[in-house]
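# Remarks on the overall topology
Listed below are the residues making up each chain.
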Amino acid sequence: MTDSKYFTTTKKGEIFELKAELNSDKKEKKKEAVKKVIASMTVGKDVSALFPDVVNCMQTDNLELKKLVYLYLMNYAKSQPDMAIMAVNTFVKDCEDPNPLIRALAVRTMGCIRVDKITEYLCEPLRKCLKDEDPYVRKTAAVCVAKLHDINAQLVEDQGFLDTLKDLISDSNPMVVANAVAALSEIAESHPSSNLLDLNPQSINKLLTALNECTEWGQIFILDCLANYTPKDDREAQSICERVTPRLSHANSAVVLSAVKVLMKFMEMLSKDLDYYGTLLKKLAPPLVTLLSAEPELQYVALRNINLIVQKRPEILKHEMKVFFVKYNDPIYVKLEKLDIMIRLASQANIAQVLAELKEYATEVDVDFVRKAVRAIGRCAIKVEQSAERCVSTLLDLIQTKVNYVVQEAIVVIKDIFRKYPNKYESVIATLCENLDSLDEPEARAAMIWIVGEYAERIDNADELLESFLEGFHDESTQVQLQLLTAIVKLFLKKPTETQELVQQVLSLATQDSDNPDLRDRGYIYWRLLSTDPVAAKEVVLAEKPLISEETDLIEPTLLDELICYIGTLASVYHKPPSAFVEGGRGVVHKSLPPRTASSESTESPETAPAGAPSGEQPDVIPTQGDLLGDLLNLDLGPPVSGPPLATSSVQMGAVDLLGGGLDSLIGGPNFVAPPAAAVPANLGASMGSGLSDLFDLTSGVGTLSGSYVAPKAVWLPAMKAKGLEISGTFTRQVGSISMDLQLTNKALQVMTDFAIQFNRNSFGLAPAAPLQVHAPLSPNQTVEISLPLNTVGSVMKMEPLNNLQVAVKNNIDVFYFSTLYPLHILFVEDGKMDRQMFLATWKDIPNENEAQFQIRDCPLNAEAVSSRLQSSNIFTVAKRNVEGQDMLYQSLKLTNGIWVLAELRIQPGNPSFMALQLSLKCRAPEVSQHVYQAYETVLKN
């Protein structure tokens, strides 16, 4: 007979009967009674009164009975903590039982009893089980440590269980290793600051060895742990990828996704030129395609993950378009997701195939799916320019079907096509106007009104069309009202004489008869613009519109990088970081992809690489000012971490005279005049202290005391963009130290405290050298001046433009982001004077194509004044000569990352009022030349 009989009893007074049965001498009767108790507990009856009687049944050798009693104990220990202590002795005894199953059962139950009073009694048995000879007991004990840590973290740390757990990573049994990794990962998630999983190449090797012999869930724990490791170079990354790749053929989809996560993360570190990189891309496609043959729910999870992978690396699945074609029996959520991926993979090569599919989908019966298919045709037109004409004719065919919702979606997407390709497809406007009466959805009506307003001069009866919309103005949605207001104002500016009444009518409706503040405000702005300055109104309202971008729904690059680190988790299904849906801060750690490196490039000198660029390829998208600034979203705004200074490189010598002897006379020669050495005041040593003078080697005659030119402070972050905090600033370089001089003004009504600052990765590794010190709270209308010391040992990433700096400032109100451009001369170092022999050899060695020519106009300075002013900004004159009445200055400077720039400055004496200087720059990283020229111009003209 089955166990269902235990759930059928409804007798009254059964607690007393059960009590009697539990105390029976017969083992079989006891077991039956405990089963009845568990059945009652399962259906929600309160059987806690039987606690002492059930606990007495623990003293048995019968494994089945023991399991049942332990189950009861876990459920009621919390409500009966004093009684639960009675069971402690049995636990201690069971942990030494000869049967490993009983030892493991005891330790598992101990971890599930969440009662503070009992936990300290359980430490000794747990310690024994962690070192048990049987791997089954050890693996169970490992998980128990994580459970105990959740109840009482301090106790676990004091008892040294974490160290024992770390030792288990080197265990001979793969399942013990997997559980130890799982437990440590769980603990590390709740305590992000503790470096529990201190992974190194040796421990990674052990994990990879265990990976092959684990159960599938053990493999997932190990793969997730590997994903949190950052290899030291591309060779190690490749080696790990090679050992993880076999997991892609696993039957369990969770193992496959975890393996994909590890590979996607480590691929960041591999050079695209490697043969292995191409092989890996090919290997990633089949397992992802296989996931799509599972049941619909699994397909959906796989598709959401594939959506992220395709945005990061479209080349993986570019030849697999057909697997994303929709099947007739796919559920709607799978259909919509497949459609999204089809558009992401659409390219010139497959667009014909995709359009044929989409046209087919547009005749389906599922309304939501049809709408999305029509929108997809529009997105294809915007993404693949060559297909735009075919897409427009397809959309016109669909409009001819006169199916209401198809027509409306088609009009919405045609509006976007007009924005992308102006003056190309406007011939279809007549067809669109024929369908005006059938539009009943706000988005379609708004799109049609936009088209009529935008192309009013091409539509003869534009005023009548817009007037027809105006009749029911108050019944329209806000979206339509706003669009109608703008369209009529556009029409008035294009045909002022015919539409004066119409524009007055709409302005009156928008401002006097409307409750919507957005509509009223826009109405008043237009009214004032039109009444005070019609020319300005024309410039504002009829301004040239920017082309819309190809992919408007791409995930922001920094968020995408973070989500790639969460493949196979809920975050990858929601497409949101865990912090967006996990309550509280616990267990939420920002993750990011490792920076690209390539060992082959690390041996080159800094001069052979682009200025400040990290080795490897640059990211495709560098956020623009005003975006949520790239990696700043990931930064923990704590104090900056200092690192080792960047090594400077020696200058490469060359024997070929590229100048044909033009510079030989620099070294000696009749016209040669050596520049005077910089004078150093006698009292410098006393005032500066020996430490500083040694540090900057000021007595060597290379450095200079006078600081370089400092630009006046500019507003970097206006108060309206930062909830009342206004930030102005400038950059300075004084005696070898770079500073960011900030002025913080509180224009809000509340006090501001807890300031912190962080920089995004940038071309020259600029980073704060100390925390942002605002000593007192910043009261409303108060301004404070701060000088923030900077160093150049931060993370490096080539920016566009090169001197772009993206900054995050945090206070008690929020985190604010802004961009600013720093002048390059703050990076010119004090030891940038090259000796003449070296200058000549280097000038010859740098290829001619690296030379850039510039002109500095309106600079009425003679050679001495120019040389002196430039020297104060660490641009040093190596030699000077006079050729045919022209002064020639040969100069050198060195950037903080070791890049040398050589200059020839030609000064034509004569009328100072229209004097121009000719500047030639040579550098191994030519992209810095433009910014060096700007530095010259800034220093000489200020």
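Look up: the structure comes first, before these words.
Residues numbered from 1 in each chain as written. Predicted model: local features only at pLDDT ≥ 70, side-chain atom pairs only at ≥ 80, totals over all residues. Heavy atoms only, no water.

### Examining the sheet that holds strand β4 (residues 756–759)
Taking strand neighbours across the sheet as the criterion, the 3 strands line up as β4-β7-β8 in an open arrangement whose pairing is antiparallel. Each edge of the sheet is formed by a strand with only one pairing partner; in this case those strands are β4 and β8 (815–821). For this sheet, the mean angle separating the axes of adjacent strands, direction not counted, is 25°. Relative to strand β7 (residues 804–810), β4 runs antiparallel, the two sharing 4 bridges. Counterpart to F759 in the pairing with β7 is V807. (Pairing = 2+ DSSP bridges. Helix = DSSP H or I, 4+ residues; strand = E, 2+ residues; numbered from the N terminus. Axes fitted to C-alpha atoms, helices over the stretch in contact; angles between N-to-C directions.)

### Structural notes on the environment of R445
Assignment of secondary structure puts R445 in helix α26 (residues 442–454). For the pair formed by R445 and V412, sequence separation is 33 residues and the distance between their alpha carbons is 8.6 Å. Not counting residues within four places of it along the chain, the set of residues in contact with R445 comprises L439, D440, F469, E476 and V480. A distance of 2.8 Å separates a polar atom in the side chain of R445 from the backbone oxygen of L439. (Contact = heavy atoms within 4.5 Å. Polar contact = N/O pair within 3.5 Å; in protein donor to acceptor, adjacent residues only side chain to side chain.)

### Examining the packing of helix α9 (residues 123–130) against helix α12 (residues 161–168)
Direction vectors running N to C along α9 and α12 enclose 15°, while the axes themselves pass 11 Å from each other. Put simply, α9 runs roughly parallel to α12. Seen along the crossing, α9 lies across α12 with a hand that is left-handed. On α12, the residues that touch C123, L126, R127 and L130 of α9 are F161, T164 and L168. Per-class residue counts for the contact of α9 with α12 are 5 nonpolar, 1 polar and 1 charged. (Parallel < 35°, antiparallel > 145°, perpendicular 65-115°, else oblique. Left-handed = near helix turned anticlockwise from the far one by under 90°. Nonpolar A, V, L, I, M, F, W, Y, C, P; charged D, E, K, R; others polar.)

### Topic: the sheet that holds strand β5 (residues 767–768)
Taken together, the 5 strands give an open sheet; going across it, the order is β1-β2-β3-β6-β5, and neighbouring strands pair in antiparallel fashion. The two strands at the open ends of the sheet, each matched to only one other strand, are β1 (714–717) and β5. By the bridge criterion, 8 bridges tie strand β3 (residues 737–746) to strand β6 (residues 783–791) in an arrangement that is antiparallel. Residue pairing across strands places L742 opposite I786, the latter belonging to β6.

### Overview of the pattern of salt bridges
In total, this model carries 34 salt bridges according to the counting rule given. Salt-bridge contacts for E64 lead to K31; the nearest nitrogen and oxygen are separated by 3.0 Å. With E64 in helix α4 (residues 63–76) and K31 in helix α2 (residues 27–42), this pair connects stretches of sequence that are 33 residues apart. Look at E64 and you get partly exposed, because its relative accessible area is 37%. Between E337 and R304 there is a salt bridge, and its shortest N-O distance comes to 3.3 Å. (Salt bridge = Lys/Arg side-chain N within 4 Å of Asp/Glu carboxyl O. Buried < 20%, exposed > 50% of the residue type's maximum accessible area, 1.4 Å probe, protein only.)

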